Structures are given as C-alpha cells and as structure tokens.
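The chain contents come next:
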Amino acid sequence: MDGATLTTAKTVNVILLGPPGAGKGTQARMLEEKFGLVQLSTGDLLRAAVAAGTEAGKEAKAVMESGGLVSDEIVLAILKDRLAEDDVKAGVILDGFPRTTAQAEALDEMLAASDQGIDAAISLAVDDEAMVERISGRFTCGSCGEGYHDTFKKPAIAGTCDKCGGTDMKRRADDNAETVRERLKAYHAQTAPLITYYDKKRSLTEINAMAAIDEVASSLETIVKRVLG
Ligand code: ADP
Ligand code: ADP
Ligand code: ZN
C-alpha cells in the first residue's frame, strides 16, 4: 500500500457481509482511506441515534443491548437519510447493512432509483468461536473511531490512538460474550441468507477473514480494484 487515495469518476457500491467480529468495520475504514469510498455503518448510525436520544434511537436501544436486530423500518429510514447526503455520491462501503432480505430488496430499489446497484458483495468468512474473542477484546478511539483489539491490534502506545493521539478509548456495552452469542444467532438466522441472495445475482465473492488483518485487506483491495475497472 502506498497510502495514496485513488480517485475515480465511477460510482462503486460495495457490501461487506459477515458476523459480528468478522472485521467489517476494520476493513471498511481501510478501503475508505485507500479508495475514497465512504464507509456507511448502520451500527454507527444507530448508536448515534441512541446517543442523540431520537425516537428511533429510543426504540433501537433495548434491541441493540439484547443482541437482536433493529426493525427494518427504523434501519431503512436512517439509511435513506444518510444516502441522501452529498458525500456518498461516489459510492459507499456498506458495513453491517443489509442484514435482512427485506433490507437487501429495499437497498436494490433505492440504488436503482439513481441508476446504481451493488458492484460487489463480499462475504467475510470466519469461525463463530473466534468471534467471541475478537468482540470481547475490541475497543475504539472515541475521538476518530479507529478500531483496536487487546491482542490482535494494539496501539503502539497503550491507551493512545495511533491515528489521532486521542486517549479516550471506548468499549461497546454489547461487546460481551453473552450478547455476542445472541448476535451470532441473529446473523445466522436473518443475515446469512443474503449470501445466497447476492450469489444468485452473481455479485458475491467470499474471502477468508480468519487471516491476519493485512492479508484480508489485500484480498479486499484486489476485488475493489477489479470493480473500479
Ligand atoms: P465487525 O465490524 O465485523 O464487527 P471489527 O472490524 O470491529 O468487526 O473487528 C472486531 C475486532 O477484531 C476488532 O477489535 C478488530 O481490531 C479485530 N480484528 C478485525 N479483523 C481481524 C483479523 N483479521 N484478525 C484478528 N483480529 C481482527
Ligand atoms: P457488529 O457488526 O459488530 O455486530 P454493528 O455495529 O454493525 O455491530 O451493529 C450493532 C447492533 O446494531 C446490532 O447488533 C443490531 O442490533 C443493530 N444493527 C446494526 N445494523 C443493523 C441492521 N442493518 N439491521 C438491524 N439491526 C442493525
Ligand atoms: Zn483516534
């Protein structure tokens, strides 16, 4: 990686599919830096709604704490607002969306309305058991959002963000072993069928996301470069 951002006139929309802990957020941020696409995480948008105390946020809070999925209605309303903003016009990396078939169908309709579609749906294949450790050790810089891990991605100086120097590290309330198991169940019951959904549309690629972070990043870069043409 040379660190340069490649700019393109082409609109490219990429979906990262995978259970909690698969590395969607980590990889989406790296792709954002590399290709100038915008990371769009419905989890982040929902947490912002909860923090702001909006009606949607109030409804979503308990569901998120339990490890279930927030209603399609709420998630789609939040996503639609976000997709109407100017910065996403060159394309997005969807991280944690869609999570149900209804969401995938609604996304197809939304994109078709502006002559766009999904250029690549990438499934990050992992072992469930390893996700409990990944999630339990996850923390994030409260200032810039950079993600870290107690074992797999430690900051160079303990407690200090490599990217921005911030020292306000945060752990999510739902990142505990018990809730992760509920989230994994929700993934298999409601989200995993999307692998077949995108496979049928011939837009699916599966990659081994048990590999080290940099190896996963290079597999993803190859795919994104290909769709950018
Ligand atoms: P997701 O967004 O899919 O829930 P994250 O990107 O937040 O997952 O990753 C979960 C945790 O695992 C983070 O602490 C991250 O640093 C770490 N992680 C991500 N990818 C890998 C990997 N390939 N190997 C080891 N740890 C990883
Ligand atoms: P992770 O990928 O680590 O599980 P996210 O930040 O993507 O975490 O999601 C956290 C929680 O937010 C989920 O457990 C779920 O309750 C809710 N959520 C996020 N995105 C969606 C979505 N597209 N549909 C329904 N619920 C969602
Ligand atoms: Zn930071």
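Before reading further, recall that the structure is shown in the block above.
Residues numbered from 1 in each chain as written. Chains lettered and ligands numbered in written order. Predicted model: local features only at pLDDT ≥ 70, side-chain atom pairs only at ≥ 80, totals over all residues. Heavy atoms only, no water.

**Some words on the nonpolar core**
The biggest cluster of nonpolar side chains holds 28 residues, and the ones touching the most others in it are Ile15, Leu46, Leu94, Leu107 and Tyr198. Counting residues per element, the ones that place at least two in this core are β1 (14-17), β2 (38-41), α2 (42-52), α3 (55-66), α4 (72-83), β3 (92-95), α5 (101-112) and α8 (193-200). If you tally residues by element for this core, the top one is α4, at 6 residues. Apart from the residues lying within four places of it in its own chain, the contact partners of Ile15 are Leu94, Phe97, Pro98, Leu107, Ile118, Ala120, Ala121, Ile122 and Tyr198. One finds Leu16, Ile93, Ile207 and Val216 within the second-largest nonpolar core, a separate group that totals 26 residues. (Core = buried A, V, L, I, M, F, W, Y, C linked by side-chain atoms within 4.5 Å. Buried < 20%, exposed > 50% of the residue type's maximum accessible area, 1.4 Å probe, protein only. Helix = DSSP H or I, 4+ residues; strand = E, 2+ residues; numbered from the N terminus. Contact = heavy atoms within 4.5 Å.)

**Quick notes on the pattern of salt bridges**
Summed over all chains, the structure comprises 19 salt bridges. Between Asp108 and Lys201 there is a salt bridge; the shortest N-O distance is 3.2 Å. One end of the pair, Asp108, is in helix α5; the other, Lys201, is in the loop between α8 and β8 (204-208), with 93 residues separating them in the sequence. Linking Asp175 and Arg172 is a salt bridge whose minimum nitrogen-to-oxygen distance equals 3.9 Å. Its relative accessible area of 26% is what places Arg172 among the partly exposed residues. Salt bridges sharing partners connect three or more residues here, namely Arg138, Arg172, Asp174, Asp175 and Arg183. (Salt bridge = Lys/Arg side-chain N within 4 Å of Asp/Glu carboxyl O.)

**Describing the sheet that holds β2**
As summarised here, the arrangement of the 5 strands in space is β2-β3-β1-β4-β8, forming an open sheet in which the pairing is parallel. Each having just a single partner strand, β2 and β8 make up the two edges of the open sheet. When strand polarity is set aside, the average angle formed by the axes of neighbouring strands in this sheet is 25°. Where β1 and strand β4 (residues 120-125) come together, 4 bridges link them in parallel fashion. Pairing of Ile15 across the sheet is with Ala121, part of β4. Against the sheet, α2 makes contact with β2 and β3, and its axis sits at roughly 60° relative to β2, the strand it touches most. Sitting on the sheet, helix α9 (residues 213-228) touches β1, β4 and β8, and the angle it makes with β8 is about 160°. (Pairing = 2+ DSSP bridges. Axes fitted to C-alpha atoms, helices over the stretch in contact; angles between N-to-C directions.)

**Examining the coordination of the zinc ion (ligand 3)**
Of the protein atoms, only Cys141 (SG), Cys144 (SG), Cys161 (SG) and Cys164 (SG) coordinate the zinc ion (ligand 3), at distances of 2.3 to 2.4 Å. Seen from the zinc ion (ligand 3), its 4 donor atoms lie at angles of 102 to 115°, and the figure they make is tetrahedral. Each donor residue of the zinc ion (ligand 3) lies on one chain, and together they are spaced C-x2-C-x16-C-x2-C. Here Cys144, found in the loop between β5 (138-141) and β6 (147-149), pairs with Cys161, found in the loop between β6 and β7 (169-170); they are 17 residues apart in sequence, far enough to count as distant. The buried category is assigned to Cys161, whose relative accessible area is 3%. (Donors = N, O, S within 2.8 Å, 3.2 Å for Na, K, Ca; no water. Tetrahedral: all angles 85-135°; square planar, octahedral: opposite > 155°, others 65-115°.)

**A closer look at the environment of Met169**
In this structure, Met169 sits in strand β7. Residues Met169 and Cys141 lie 28 residues apart in sequence; the distance between their C-alpha atoms is 4.6 Å. Ignoring sequence-local partners within four residues, the contact set of Met169 consists of Phe139, Thr140, Cys141, Gly142, Tyr148, Pro155, Gly159, Thr160 and Cys161.

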